[in-house]
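Read off the chains here:
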Amino acid sequence: MSLVNFTSREITCKIVYYGPGRSGKTTNLQYIYGRVPEDRRGRMVSLATQTDRTLFFDFLPLELGSISGFTTRFQLYTVPGQVYYNATRKLVLQGADGVVFVADSQIRQLDENIESLQNLQANLLEQGIDVRTIPLVLQYNKQDLPSDLILQVADLEEQLNFRMVPAFGASAVVGKGLFETLRAISERVLRKLSEAQPA
Ligand SMILES: Nc1nc2c(ncn2[C@@H]2O[C@H](COP(=O)(O)OP(=O)(O)OP(=O)(O)O)[C@@H](O)[C@H]2O)c(=O)[nH]1
Ligand SMILES: [Mg+2]
């Protein structure tokens with residue numbers, strides 16, 4: 001849930017990076033952390049297993065400028081993608097203002113992507129949120145892999161983008177498409193927030 005503090009003139013929003021195991025959620029945050037100036041970011045916290053799978057979440061606080069005199073802070077989280085960590089995913093998802101769904105473009109991961117999208121929908125619904133109304137952006141990651149291993153963006157659009165939300169081809173290992181994704185979700189979250197304020 002976004003917080004608006006009128007005394008300190010700050011807006012704080014929560015964005016959750018969701019998606020199947022190994023799709024590249026943690027790599028997104030690590031790359032962003034490495035590229036944002038130090039005075040714009042806080043400490044990144046990662047809780048991972050010994051093999052670097054996310055065990056609980058990653059957390060990265062960012063300051064992304066100001067609107068109408070309010071400093072905008074974004075708290076980026078990742079969920080653990082592995083199927084059996086659903087209880088943790090639900091906890092991390094609580095109070096999200098926006099979701100980035102990081103899909104794995106590999107052909108053999110298509111079912112995992114669909115299952116994870118359905119899991120997102122179910123977990124949001126349990127919290128009384130319709131997946132059609134929460135700000136959502138899709139990212140088709142790993143587009144750097146050989147073309148015979150991956151689905152092209154147009155095919156992924158057809159298979160996964162049922163809400164026709166903004167979507168970006170990306171390669172998290174080299175940082176391609178990551179800031180475009182972040183910009184799109186933060187704009188959508190802020191727009192929704194401004195629509196919710198009484199005129
Ligand atoms: N080729 C390629 N590999 C990637 C890309 N993004 C991530 N990877 C690799 O995929 C593996 C998993 O990446 P993570 O970022 O840990 O994935 P995750 O979504 O956080 O996985 P969980 O924490 O288990 O849910 C790592 O070996 C990454 O280096 C990409 O764009 N291209
Ligand atoms: Mg991870």
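Since this is a predicted model, take the numbers as computed values, not measurements.

Rules of the game
- Residues numbered from 1 in each chain as written.
- Chains lettered and ligands numbered in written order.
- Predicted model: local features only at pLDDT ≥ 70, side-chain atom pairs only at ≥ 80, totals over all residues.
- Near = placed C-beta within 6 Å.
- Helix = DSSP H or I, 4+ residues; strand = E, 2+ residues; numbered from the N terminus.
- Nonpolar A, V, L, I, M, F, W, Y, C, P; charged D, E, K, R; others polar.
- Core = buried A, V, L, I, M, F, W, Y, C linked by C-beta atoms within 7 Å.
- Buried ≥ 20, exposed ≤ 12 C-beta atoms within 10 Å, placed from the backbone.
- Contact = placed C-beta atoms within 7 Å.
- Pairing = 2+ DSSP bridges.
- Axes fitted to C-alpha atoms, helices over the stretch in contact; angles between N-to-C directions.
- Parallel < 35°, antiparallel > 145°, perpendicular 65-115°, else oblique.
- Left-handed = near helix turned anticlockwise from the far one by under 90°.

In the vicinity of ligand 1, 22 residues are found, and the nearest of them are Gly24, Thr26, Thr27, Thr54 and Gly81. When residues of the shell around ligand 1 are assigned to their parent elements, the largest contribution, three residues, is made by helix H1 (residues 25-35). For the shell around ligand 1, a count of residues per class yields four nonpolar, 12 polar and six charged.

Our next topic: the nonpolar core. Residues Ile15, Val16, Val99, Val100 and Phe101 are the most contacted members of the largest nonpolar core, which totals 44 residues. Once residues lying within four places of it in the same chain are set aside, the contact partners of Val100 are Ile15, Tyr17, Tyr18, Val137, Gln139, Thr181 and Ile185.

The sheet contact formed by strand E2 (residues 10-18) and strand E5 (residues 70-78) spans eight bridges and is parallel. By the bridge assignment for E5, Lys14 is matched with Gln75. Pairing of strand E4 (residues 54-67) with E5 involves eight bridges; the strand directions are antiparallel. The partner of Leu60 across the bridge, within E5, is Leu76. What sits between E4 and E5 in their antiparallel hairpin is a turn of two residues, with Ser68 showing a positive phi close to 50°.

For the rest of this paragraph, the subject is the packing of helix H2 (residues 86-93) against helix H3 (residues 110-126). Close contact between H2 and H3 brings their axes to 10 Å; oriented N to C, the two are set at 60°. It follows from the interaxial angle that H2 and H3 lie oblique. The chirality of how H2 crosses H3 is right-handed. Contacts from Asn86, Arg89, Lys90 and Leu93 of H2 reach H3 at Asn119, Asn123, Leu124 and Glu126. Partitioned by chemical class, the residues of the contact of H2 with H3 number two nonpolar, three polar and three charged.

Just geometry here; none of it tells us what the structure is for.
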